[in-house]
Each structure stands twice: as C-alpha cells, then as structure tokens.
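Breakdown of the fold
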Amino acid sequence: MEILLMVLVLLLLIGASNVIQRFVPFIPVPLIQIALGIVAAFMPSLHHVPLNPELFMVLFIAPLLFNDGKITPRDELWKLRTYILLLALGLVFATVLLAGPFIHWLIPAIPLSAAFALAAILSPTDAVAVGAIAGRIKLPGKILRLLEGEALMNDASGLVAFNFAIAATVTGYFSLPQAVGSFFVIAIGGLVIGALLGFAVVWLRLFLRRLGIEDVTLHMLIIILTPFIIYIAAEECHVSGILAVVAAGVVHAIERDRVESASVRLRIVSDSTWSVILFSLNGLVFLLLGLEIPAVVAKIWEDPAYQNGQVIGYILLITAVLMILRFLVVWARDRQLRSTVITALSGVRGALTLAAAFSIPMVLADGSPFPERNLILFICAGVILLTLISASIFLPLLAAKSEEAGDHPENRAETERTARIRVLDAGLRTVREEMNDENTQEGADLVAEYTRRLQKTKLEGKTQLGEAWRAMVSIRLAALAAEREVGERWLKEERITPQLAAYFRASLNRIELLLTNRVKIKLLFMLSWSTLRRLLKGRNRIPSVITPADPEWDSYKELKLAAIQTAITKLKQMKTEDNRDAVLTVIADYRGMALQYQNNKRRSGSRRHMSLQRKELELKAIQSERNEIQMLYEQGDIDRHFAGRLRMDVNYREASLFESQEGH
C-alpha cells in the first residue's frame, strides 16, 4: 500500500509540474520536477524506496532509449556518424583519461582508479535530459541530431569505462588490453543482440498478422514488453543492454517505414499509448532524481569532516573541466564558435549518472569501505544540477541569437510549411487506410479535402498565391473544355437527349462563370465539390443541375463519369514540373467527384448514418495529425510555440466537427 501511495503521489506531481510550467515557462519541466522530488523527499507520510540502479535502468532507461531509437532520423544520424563517434567514444575516453587525474589531484582522498570511475560516469550525456532541454528550445537541426546520436551511443562507452575503473578500485587489478577488448565485445554484442531480437519481434508480429490475429491489444502488449525483454536478455549475455534497446528501436522504425499494410488503428493506439508511457517515465526519472538528492547531500553537508564551501568548489571545478574538454573536442571538429558553445552547454548529465553512481559497492575486496563513496555521489548530484541549470539558462539565449543570425523569415516559413505538409500527409494516410465499402463516399470526400489542403500548402511554398490561383484557373478551364467535348460528342452520337445535354452544358457554364469571376477564385480554390454544387444550385438564373431523383439520372451519371475520365486524361497530358502540384490538385478534385457520382444512388434516410461514418473517419485522421505534431515536436523539427499553433488548428477542426454533428 505504501508503494502504491508513493507511485500515485509521483504521478500527481508529474501532472503538477506541467501545470506549474505554464505559469513559469522560462523554467524547464525537468528542473521543476527535480524541485518537486526534493520537496516530496521531506514529506513524512511518503514512503521512500532507495534507488535500485539495475531496476532503474531496465524500468526507465530501457523504454526511453528504445523510443529514442525509433524516432531518431536514421539518415541524418548516418551522415553525422563520424562526429557522433568522436563524441560518443573519443570524448568519453578523453574525459576519463584527462578528468580522472585532475579529480585525483583536486581531491587526493579519492584514489586514481576511483577518480577514473567518477570521470567515466560523468562523461556520458543523458538522452532523457537532452531531450527534455531540446524540447523547450529550438536548437539547430544538425546540433540536435548530433546530441541525440551522442546520447544514444555514449552510455555504453561511459558505463564500460566506469565498470572497469570500479573493478580496478575494488580488486586493485587493471588490464588495458582486456578493457579495450571487453569494450568492443560489449558494444558490438549489444548492437547485434538488439538487432536480432528486434527483427525476431517484428517477425513474430508479422507472423501473427498472417494468421489473421490483428488484435490491437495483443500487438500493443508485445511492443510494450519489447524493450524490457531485450534489455534483460542482453544484460544476461553480458553485453550492453542500452545499445541493445537502441538497436531494437531502430529495427522497429525500419519495420514501421517498410510495412505499408500496417494497421492504422494499431499505429494510432501505439502512438497514443507510448505518448502516455514516455510522458510518465520522463517525469518519474527527474522526480526520482529529486527524491535521491536530499539524502545524498545530507551525508556530506552534515559531516564535519567536509567543508561545504570546498565541496561546492569541487563541483564547480569538475563541471568546468568537463565543459572545457567538451568545448575543445567539438571546436577541433566544428570551428564555429556559437555552435561549439551550444553543443558544449548541451552536454547535460542526468539520472543515468546518479543511478550508476549508486551502483558503486559499499566495500572493497579486503572489506574496507569504498573510498569517498558519499562524496562521489554528492559530486555526481551537483554536476547533474549544474549542467541542467546552465543549459536551461544559457541555451535559450544562444539559440535565440543563432536564430536571429541565420534563420531568416523565409526559412522559418519553409520549416512551418514542411511541418504542415507532414501533418496533412498523416491525416490523409489514415483516411485512405480506413476506407472500406461502407464509408467509400465519406472517405472520398475527406481524401479530396485533404488533397486540396495539401496541394494548396505546397503551392503556397513555391509561388505567390495569386499566381497559384491563376495557374489553377487555367488548368480547370482546360479540364472543362475536355468535358464539353465529351458532351458534344455524346449528343452527336445520340447517346443523350438534347435536354440532358443542355443540363450538362449548364453545369459546366456555372463552374466557368465562377472561374472567370475574380472575387470567387479563392472560394473555388478552397471549397469541396459537394459544397460547390450547393453553391451552384443557389444561382436561380441558370437551370438546376440534374439530381439523383430525376429519371434521367443514370444517363447523366454515365456521361459525367466519362467526362471526368476524359478531363483527367487531359490533365495528365498537361502536367509539367512547373504546374505539377496544381494539376494534381485538380485531378484529386475530379477523382473525388467521380467517387461521389459512383456512390450517389437513389436512397434516403441514411444521412445521419453517413454523417456518423464521416465523423468517425475524420476523428481518426485528426488523431493521426496530433500524433504527427507530437513527433515533429519531439524530434525538434518544430518548437513548442508552433506545435501549439498546429494543435489549436486541429482542436478547432475537431470542435467544429462535433458542432456540425449536433446539428444533424
């Protein structure tokens, strides 16, 4: 019961931290959560469980890194592979070899081997902390990908160096060749086992689907269990569980990209479920860090053997050395001052450092206490807080200056346009995947609507909107001319009556009238075909278009479908690189129109049923848009402000959808 109460309190604090951050947006959520964790540590009724490093790694770090492996762009990481390896391997080992002796010189009470261990565990950056800081500000894309790749890879090198240094301290024995060989075995072994097990899980899910087992709950359970099982299996094989879950995450990302027939429902449920899991785990990581800090600090702060000012000086000097080393390594590769400073300050340490520090044994092989264990824990906690605070203060300033210097308004507009295209693409994919025999017409309407919005967004990025409208008008007029030819040919062949031909010409005349009226061009550009038909019916000066209730509807529908097909063929012949997007927009309109005619049978009383299908389909598309917005934000492609604007647009459309439903 005490454990349950503690978990509930921590989850409430996670929610409270996000509410608090709304009132103090200049303070990042991780720092608020650490502060709340410190406050919770002094709550007398809250049961405190000592941090178990092994449990912490498998329960928190494994799923978080698995998700990072899934969402981190692989192409960009591959382009930066040399740079990432320089930081993940070169910087880690340089930190151990240079900062270790410095720590021993600064604090002689810490043996050289233990100083190496402290430098090793302080060398890797924390992927969770880096992601939390990057999510608050808009870091340059290259730097963000570099930090993500470094954080995914340097945990293994740092932990291997730490374990060997601890073993040397405990046993008094160290072998450099053995350490180097073990590192490659542990790292490569972790990547291989993670990739193999990742493919095995993907194969299992595909096998279940071939058997007809499409149960979303079962597949979701397999996905959730994957990082825990792979991490434990890798650790049992004495290889890196961290690299194993990262490799498995990358494999799952490849599977998601390639398996086009994946269930959209599963993808929506998976994205939503992982969103809740990651939100909770990220918050718990920093809350637990805050819970541990008071006990760590108290042991040193209350010990008369230590001078508090001197210990704080140790933290400041060690943090300065870590940042200077990081700056020099990045400067040797980059040679750009601002980006080098940003990358150096972004080397945030997190809960992984403290969790590894807690794994330091209490005693040595001879039974004597491990030298200065409490001081090492205190220094780790201090460096974590100092790197988090310094990054939170200085990175927004540097990133803002970088944006002012190099991010011109047109570049920002292009970034936002690309994001809008990706969000619309996500909704369009969902509509297409969810279409079936029962919702064909609703799906066609939504496909046409999404395609129109998508192509409009693309056109806005390539030319002035006025020019885009003129190009659209020219293309639509050409398509109308192709339709007229079909009507005239069918009249000459006596396949339709003169009255039906007159109706057909009247419908084309109405559209042409709108196209040649400059005031209505923009309206036509944005309206759906069904809305346009309602608008045309309101113009009483021209006879009404024939309706499904008319006895000649079947003949008219056959004529219209033939005209649509001829218009599409004509448009394909007109398509060039310059007008490609405009032509595709008109073609999409015609295809949506064709589906509406094909499914527009003489029936009544089904309007409410059809509207419910439309609502369900559009809600699924809207959820996919939300998931894409969250992914763009997590990947650093958009900042918090623009993500909020996109979410407001989606929320407004969803609210309008519910309002329109209530009106039926």
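Residues numbered from 1 in each chain as written. Predicted model: local features only at pLDDT ≥ 70, side-chain atom pairs only at ≥ 80, totals over all residues. Heavy atoms only, no water.

A word on the overall build of the chain. Secondary structure summary: the chain contains 26 helices and 0 strands in total. Within the chain, the proportion of its 664 residues that are buried is 49%. At a minimum sequence separation of 6, the contacts of the chain that also span at least 24 residues come to 80%. On the chain, roughly 31,500 Å² of surface is accessible, and the fraction owed to carbon and sulfur atoms is 62%. (Helix = DSSP H or I, 4+ residues; strand = E, 2+ residues; numbered from the N terminus. Buried < 20%, exposed > 50% of the residue type's maximum accessible area, 1.4 Å probe, protein only. Contact = heavy atoms within 4.5 Å. Areas by Shrake-Rupley, 256 points an atom, 1.4 Å probe, with all protein chains shown as cover.)

Following the criterion strictly, the structure yields 7 salt bridges and no others. Residue Arg 326 is joined to Glu 150 by a salt bridge in which the shortest nitrogen-to-oxygen separation is 2.7 Å. Pair noted here: Arg 326 is in helix 13 (residues 308-334) and Glu 150 is in helix 8 (residues 141-171), with a separation of 176 residues, a long-range link. When its relative accessible area of 1% is taken as the criterion, Arg 326 is described as buried. The residue Glu 434 makes a salt bridge to Lys 620 at a minimum N-O spacing of 2.6 Å. (Salt bridge = Lys/Arg side-chain N within 4 Å of Asp/Glu carboxyl O.)

Judged by side-chain polarity, Phe 174, Leu 176, Val 180, Phe 184, Ile 188, Val 192 and Leu 196 come together as a nonpolar surface patch covering roughly 680 Å² of accessible area. Mapped onto the elements of the fold, Leu 196 is located in helix 9 (residues 176-210). Leu 196 sits in the exposed class, given a relative accessible area of 56%. (Patch = residues over 30% accessible without salt bridge, like charges linked within 9 Å, V, L, I, M, F, W, Y side chains within 5 Å.)

The next subject is the packing of helix 9 against helix 10 (residues 216-236). Their axes nearest at 10 Å, the elements helix 9 and helix 10 cross at an angle of 160°. Comparing their axes, helix 10 and helix 9 come out roughly antiparallel. The handedness of the crossing between helix 9 and helix 10 comes out as right-handed. Across the interface between the two elements, Ile 193, Gly 194, Leu 197, Gly 198, Val 201, Leu 204, Arg 205, Leu 208 and Arg 209 from helix 9 touch Leu 218, His 219, Ile 222, Ile 223, Thr 226, Ile 230, Ala 233 and Ala 234 from helix 10. Here the contact of helix 9 with helix 10 is built from residues that sort into 11 nonpolar, 4 polar and 2 charged. (Axes fitted to C-alpha atoms, helices over the stretch in contact; angles between N-to-C directions. Parallel < 35°, antiparallel > 145°, perpendicular 65-115°, else oblique. Left-handed = near helix turned anticlockwise from the far one by under 90°. Nonpolar A, V, L, I, M, F, W, Y, C, P; charged D, E, K, R; others polar.)

Tallying each qualifying case throughout the model produces 7 aromatic pairs. Considering the side-chain rings of Phe 183 and Phe 184, the 5.4 Å spacing of their centres and the 70° angle between planes classify their relative orientation as edge-to-face. Among the residues examined, Phe 184 registers a relative accessible area of 47% and is labelled partly exposed. On the basis of an interplanar angle of 5° and a centroid distance of 6.3 Å, the ring pair of Phe 327 and Trp 331 is categorised as stacked. Of this pair, Phe 327 and Trp 331 both sit in helix 13, 4 residues apart, which is roughly one turn of that helix. (Phe/Tyr/Trp six-rings, centres within 6.5 Å; stacked < 30°, edge-to-face > 60°.)

Looking now at the confidence of the model for the chain. For the chain, per-residue confidence averages 79 on the pLDDT scale, and 82% of positions sit at 70 or higher. Every residue in residues 518-530 is under pLDDT 50, and counting partners more than four places away or in other chains gives 26 contacts. Below a pLDDT of 50 lies the segment residues 535-544, which in the model reaches 15 contacts outside its immediate sequence neighbourhood of four places, other chains included. (pLDDT = per-residue confidence, 0-100.)

For the rest of this paragraph, the subject is unusual backbone geometry. Its identity as a non-glycine residue notwithstanding, His 238 has a phi of 60°, on the positive side. One non-glycine residue, Glu 494, adopts positive backbone phi at about 55°. Position of Glu 494 relative to the elements: it lies in the loop between helix 19 (465-492) and helix 20 (498-515). Using a relative accessible area of 72% as the deciding quantity, one classes Glu 494 as exposed.

Okay, the packing of helix 1 (residues 2-23) against helix 2 (residues 29-41) next. In a packed pair of helices, the relevant descriptors are the angle between the two axes and the axis-to-axis distance. Viewed as axis vectors pointing N to C, helix 1 and helix 2 meet at an angle of 130°, and their least axial separation amounts to 9 Å. Here helix 1 is positioned oblique relative to helix 2, judged by the angle of their axes. Judged by the sense of rotation from one axis to the other, the crossing of helix 1 with helix 2 is right-handed. In this structure, helix 1 contributes Leu 13, Ile 14, Ser 17, Asn 18, Ile 20 and Gln 21 to the contact, and helix 2 contributes Val 29, Ile 32, Gln 33, Leu 36 and Ala 40. A per-class count over the contact of helix 1 with helix 2 returns 7 nonpolar, 4 polar and no charged.

One can find Thr 226 in helix 10. A residue is classified by how much of its surface remains accessible, and Thr 226, at 3% relative accessible area, is buried. Apart from residues lying up to four places away in sequence, Thr 226 is in contact with Phe 66, Val 201 and His 252.

Turning our attention to the environment of Asp 578. By secondary structure assignment, the location of Asp 578 is in the loop between helix 23 (553-574) and helix 24 (580-599). Residue Asp 578 is classed as exposed on the basis of its relative accessible area of 80%. As a C-alpha pair, Asp 578 and Ala 471 span 107 residues in sequence and 9.9 Å in three-dimensional space.

Between the first and last C-alpha of helix 13 there are 38 Å, a value that for 27 residues agrees with the 39 Å anticipated at 1.5 Å per step. Those residues of helix 13 lying buried are Val 311, Tyr 314, Ile 315, Ile 318, Thr 319, Leu 322, Leu 325, Arg 326, Val 329, Val 330 and Asp 334. After helix 13 finishes, the residue Arg 335 shows a positive phi value of roughly 65°. (Expected span 1.5 Å × (residues − 1).)

Moving on: the environment of Ile 166. In this fold, Ile 166 is placed in helix 8. Classification of Ile 166 as buried rests on a relative accessible area of 9%. A sequence separation of 193 residues divides Ile 166 from Ser 359, and the C-alpha atoms of the two residues are 9.7 Å apart. Ignoring any residue separated from it by four or fewer positions in sequence, one finds Ile 166 in contact with Ala 117, Ile 360, Pro 361 and Phe 370.

Glancing now at the environment of Cys 380. Note that Cys 380 resides in helix 16 (residues 373-406). Of the residues examined, Cys 380 reaches a relative accessible area of 0% and is grouped as buried. Remark: the alpha-carbon pair of Cys 380 and Thr 353, spanning 27 residues in sequence, is separated by 6.8 Å. What Cys 380 contacts, discounting residues up to four positions off in sequence, is Leu 118, Ile 121, Leu 122, Thr 353, Leu 354 and Ala 357.

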